[in-house]
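Tertiary structure, described
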Amino acid sequence: MLRLREDVLLWPGGRMRCCTLSFDDGTVEDVEICRLLRERGLRATFNLNPGLFGAGDEFASGDVRVMHEKLPRERIAEVYRGFELAVHGWSHARLGSVGSPMAAYEIVRAKAELEDIVHAPVRGMAWPVSFFERDGAAARAAARACGIVYGRTTRRTFDCMGVPEDFLGWDAACSYVQPELEGVLERFLAPLDAATYREPYLLYVWGHGYEATMRGAWGTLEAFLDRVSGRDEVWYATNIEVYDYVQAVRGLVYSATGDYLYNPSGLDVWLMVDYEPLMIPAGATVTVPAWPREGATK
């Protein structure tokens, strides 16, 4: 029955909230971070520079200095087992300003090295250093040509609602060391109901492992992980899992009236339709129940 209707993405299991995390540079602190994540059942993506595996130097920020020690190649598979590995450039060059040929080289060489470690395609990345809109078109084109489907930026939204229109310019909420995280987390965990749900909640927090040491922020990181983990109403996912799920929802095929929805993907997906959760199984067509439903809010 043709009618005014607003279908809103739900996360797997009909959840309204999703949490995804990422950490850059592959420093030795990631060993402890992976342990903290596994203890809490959290999912994360680690963005690495294969050209710098095993390198070490001193990193300074103002008067604060810390060793910036990268994990060696032979430890990568073991340390990051069960998490997603993604590209951060071969040498951490600013890819938006080096020209397309070098950007493509930095991306595809890092991608190939990581794929040799995980024995699977690597499809995601985090843009090294800052990523500005003026650099965006050429850098995105180079990444796309190399088989990259998403790229996290260093911009902060301080928000936890909605999904990216263009995943190659994916802005996270903030890093785990920023004071704004507390307010973002409060909004993310606030009570939700079907009547007021108008867009999916997606909390994306990122950071560098070495910042936990440099800023004395291990307690801050653990407190955040404790608060966000262990919640049945939250889907915990890697970056690529978020991307794949959103693309599956965006790929739903609607009949002319919207009464029938076909899911050509290999993932079960969920929508909020007429204030009720609706699952569209992988490869299946479902009929949207007649409206109004008993108890639905018009």
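This text goes with the structure placed above it.
Let me begin by describing the structure that accompanies this report. (Residues numbered from 1 in each chain as written. Predicted model: local features only at pLDDT ≥ 70, side-chain atom pairs only at ≥ 80, totals over all residues. Heavy atoms only, no water.)

**Structural notes on the sheet that holds strand β13 (residues 253–254)**
In a beta sheet, neighbouring strands pair by backbone hydrogen bonds and run either parallel or antiparallel. Spatial strand order, β13-β14-β17: 3 strands in an open sheet with antiparallel pairing. The sheet is open, and its two borders are formed by β13 and β17 (285–287), each paired with just one other strand. Bridge count for β13 against strand β14 (residues 260–262) is 2 bridges, and the pairing is antiparallel. What sits directly across from Val-253, in β14, is Tyr-262. (Pairing = 2+ DSSP bridges. Helix = DSSP H or I, 4+ residues; strand = E, 2+ residues; numbered from the N terminus.)

**Describing the side chain of Asn-239**
Position of Asn-239 among the secondary structure elements: in helix α8 (residues 239–250). In this structure, Asn-239 is in contact with Thr-20, Leu-21, Ser-22, Thr-45, Glu-84, Tyr-150, Trp-170 and Tyr-204, ignoring residues within four places of it in sequence. (Contact = heavy atoms within 4.5 Å.)

**Things to note about the pairing of strand β4 (residues 56–61)**
Two elements, β4 and strand β5 (residues 64–69), share 6 bridges in a ladder whose sense is antiparallel. Bridging across to β5, Ser-61 finds its partner in Val-64. Counting the residues in the hairpin turn of β4 and β5 gives 2 residues, including Gly-62, whose phi is positive at 65°.

**With respect to the layout of surface pockets**
What the largest pocket holds in volume is close to 260 Å³. Looking at the largest pocket, it is lined by 23 residues, and the ones nearest its centre are Arg-156, Trp-206, His-208, Tyr-210 and Glu-211. Among the elements of the structure, β4, β8 (150–156), β11 (201–208) and α6 (209–214) are those that each provide at least two residues to the lining of the largest pocket. Of the residues that constitute the lining of the largest pocket, the class distribution is 8 nonpolar, 9 polar and 6 charged. (1 Å grid on protein atoms, 1.4 Å probe; cavity = no way out; pocket = protein on both sides within 12 Å on 5 of 7 lines; lining within 4 Å. Points joined across faces, edges and corners; volume = space filled by probe spheres on them. Nonpolar A, V, L, I, M, F, W, Y, C, P; charged D, E, K, R; others polar.)

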